[in-house]
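# Per-entry structural report
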Amino acid sequence: MSGVKEKKSCSQIMDEWKAFMWNPTTHEFMGRTATSWALILLFYIVFYSFLTGLFSLTMWVMLQTLDPYEPTYQDRLSSPGVMIRPQSDSLSIVFTTNNTESWDGYTNALDTFLGSYNDSVQLANNDNCIPDQYFLQDDNGDVRNNPKKSCQFNRTMLENCSGLIDRTYGYAEGKPCVIIKMNRIIGFKPGNDTNPAYVSCTGMNDDSSKVGNIAYYPAGGIFNKMYFPYYGKITQVNYSQPLVAVKFLNLTLNTLINVECKVVASNVATNDDRDKFAGRVYFSLQVSTSQ
């Protein structure tokens, strides 16, 4: 049948591939002459060089608008986030007093966290500042006052929750310590010229009567104003966040208790339902006396 296409042999197919890869008659490599390959290669070099230059120029222009020491925009950070130590994925601290292994991880985490607050470390890196007033270190126009100093926050200020008086942070006797810290916001000054920010913890809903008495360290659970404002990681290399330790003295035992700790200050919002960590933190505690 004349309409049937003749099937090529394997040798014919190989010959066609060889001719495609290199045609000695037309001096073409993969269907193109050396001039054609040179032109297309030149085109792509110019094209991608242009794209690279355009991207680099765009990045350079954008970087000129950024301050390496302070974010250009931080309007969404009206209130600092609050977290606890020791920290767990579920923000739940559950242990049995006579089972060392149940609370040993918590105390080790506190030891690690408070290591940078040892008095010797603070004395070597930070200054002994004047308390009860903001530590302002403003720049003089375009002349930056860098590096900026930081105030000492000594571990001993946490007293019974420092891990120095009681190495178990109260966990062995069922009176656990929890460390409260505010996240850093550049330029933020919690409180006002009269009243500093402080921490207040209560039981949530029906758990309010189960929390019992609470001791705060430093006294009153205060974040002293001398630790603010924060000027940034690059500017204040040795900055130590102030802490408040909360010691629960007589929790209702063998019961899961939901606790809310919030920062009380005139300029710290704690009622944002969209962010439960804005100015506050929720966690649960359960202290058991038998395994």
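Model, not experiment: these values are computed from the prediction.

The helix and strand tally for the protein chain stands at four helices and eleven strands. Here the protein chain has a C-alpha radius of gyration of 33 Å; the compact-globule value for 291 residues is 19 Å, and the former is much larger. If one aligns the C-alpha atoms of the protein chain with their principal axes, the spans along those axes are about 100 × 60 × 40 Å. For the protein chain, the proportion of its 291 residues judged to be buried stands at 35%. Counting contacts in the protein chain only where the partners sit at least 6 residues apart, residues at least 24 apart contribute 75% of the total. Just so you have it, the protein chain exposes about 17600 Å², and 55% of that area is on carbon and sulfur atoms. Placing the 24 positive and 27 negative side-chain charges of the protein chain at their respective mean positions leaves the two points 4 Å apart.

Our focus in this paragraph is the pattern of salt bridges. The tally for this structure, following the rule as stated, stands at four salt bridges. One salt bridge in this structure joins R167 and D111, with 3.8 Å as the shortest N-O distance. Note that R167 is positioned in the loop between α4 (119-125) and β5 (177-182) and D111 in helix α3 (residues 100-114), a separation of 56 residues in sequence. On the basis of relative accessibility, which here comes to 22%, the residue D111 falls in the partly exposed class. A single network of salt bridges, built from pairs that share partners, joins D111, R155 and R167.

We now examine a nonpolar patch on the surface. A grouping of I13, W17, M21, W22, F29, M30 and W37 is seen on the molecular surface, where their side chains present a nonpolar patch of about 690 Å² in accessible area. Here the element with the most residues in the nonpolar patch is helix α1 (residues 10-21); it accounts for three residues. Counting through the fold element by element, M21 comes out in helix α1. Owing to a relative accessible area of 34%, M21 belongs among the partly exposed residues under this scheme.

This part takes up the sheet that holds strand β9 (residues 243-248). Ordered by their spatial adjacency, four strands build an open sheet running β3-β5-β9-β7, and the pairing between neighbours is antiparallel. Single-partner strands in this sheet number two, and they are β3 (82-85) and β7 (214-217). Averaged over all pairs of adjacent strands, the angle between their axes in this sheet comes to 25 degrees, without regard to strand direction. Where β5 lies against β9, five bridges are found, and the strand directions are antiparallel. Among the inter-strand pairings, V178 is bridged to a residue of β9, identified as V246. Contacting β3, β5 and β9, α3 runs over the sheet at an angle of about 40 degrees to β5.

Counting across every chain of the model gives three disulfides. A disulfide bridge connects C129 with C151, and the sulfur atoms are separated by 2.1 Å. With the S-S dihedral at roughly -100 degrees, the linkage between C129 and C151 falls on the left-handed side. With C129 in the loop between α4 and β5 and C151 in the loop between α4 and β5, the pair connects residues that are 22 residues apart, well separated along the chain. Just as C129 is buried, C151 falls in that class too.

For N118, the location among the structural elements is in the loop between α3 and α4. Note on N118: relative accessible area 25%, which makes it partly exposed. Between the C-alpha atoms of N118 and N145, which are 27 residues apart in sequence, the distance is 27 Å.

This part takes up the environment of I234. As for its placement among the helices and strands, I234 is situated in the loop between β8 (222-223) and β9. Its relative accessible area of 54% is what places I234 among the exposed residues. Sequence separation of I234 and P86 is 148 residues, and the distance between their C-alpha atoms is 27 Å.

Before going further, it helps to spend a moment on the side chain of Q122. Considering the arrangement of structural elements, one finds Q122 in helix α4. Separated by 2.9 Å, the side chains of Q122 and S240 make a polar contact. Sequence-distant contacts of Q122, that is, excluding residues within four places in its chain, are made with S116, Y117, C151, Q152, F153, N154 and S240.

Looking at chain direction, strand β6 (residues 197-203) and strand β10 (residues 257-264) are connected through six bridges and run antiparallel. By the bridge assignment for β10, C201 is matched with C261. Bridging between β10 and strand β11 (residues 280-288) involves six bridges; their strand directions are antiparallel. Its bridge partner lying in β11, E260 is registered against Y282.

Parameters at a glance
- Residues numbered from 1 in each chain as written.
- Predicted model: local features only at pLDDT ≥ 70, side-chain atom pairs only at ≥ 80, totals over all residues.
- Heavy atoms only, no water.
- Helix = DSSP H or I, 4+ residues; strand = E, 2+ residues; numbered from the N terminus.
- Rg over C-alpha atoms; globule rule 2.2 N^0.38 Å.
- Buried < 20%, exposed > 50% of the residue type's maximum accessible area, 1.4 Å probe, protein only.
- Contact = heavy atoms within 4.5 Å.
- Areas by Shrake-Rupley, 256 points an atom, 1.4 Å probe, with all protein chains shown as cover.
- Lys, Arg positive; Asp, Glu negative; His and termini not counted.
- Charge placed at Lys NZ, Arg CZ, Asp CG, Glu CD.
- Salt bridge = Lys/Arg side-chain N within 4 Å of Asp/Glu carboxyl O.
- Patch = residues over 30% accessible without salt bridge, like charges linked within 9 Å, V, L, I, M, F, W, Y side chains within 5 Å.
- Pairing = 2+ DSSP bridges.
- Axes fitted to C-alpha atoms, helices over the stretch in contact; angles between N-to-C directions.
- Disulfide = S-S within 2.5 Å.
- Polar contact = N/O pair within 3.5 Å; in protein donor to acceptor, adjacent residues only side chain to side chain.

Note that all results are geometric; they support no functional claim without further evidence.
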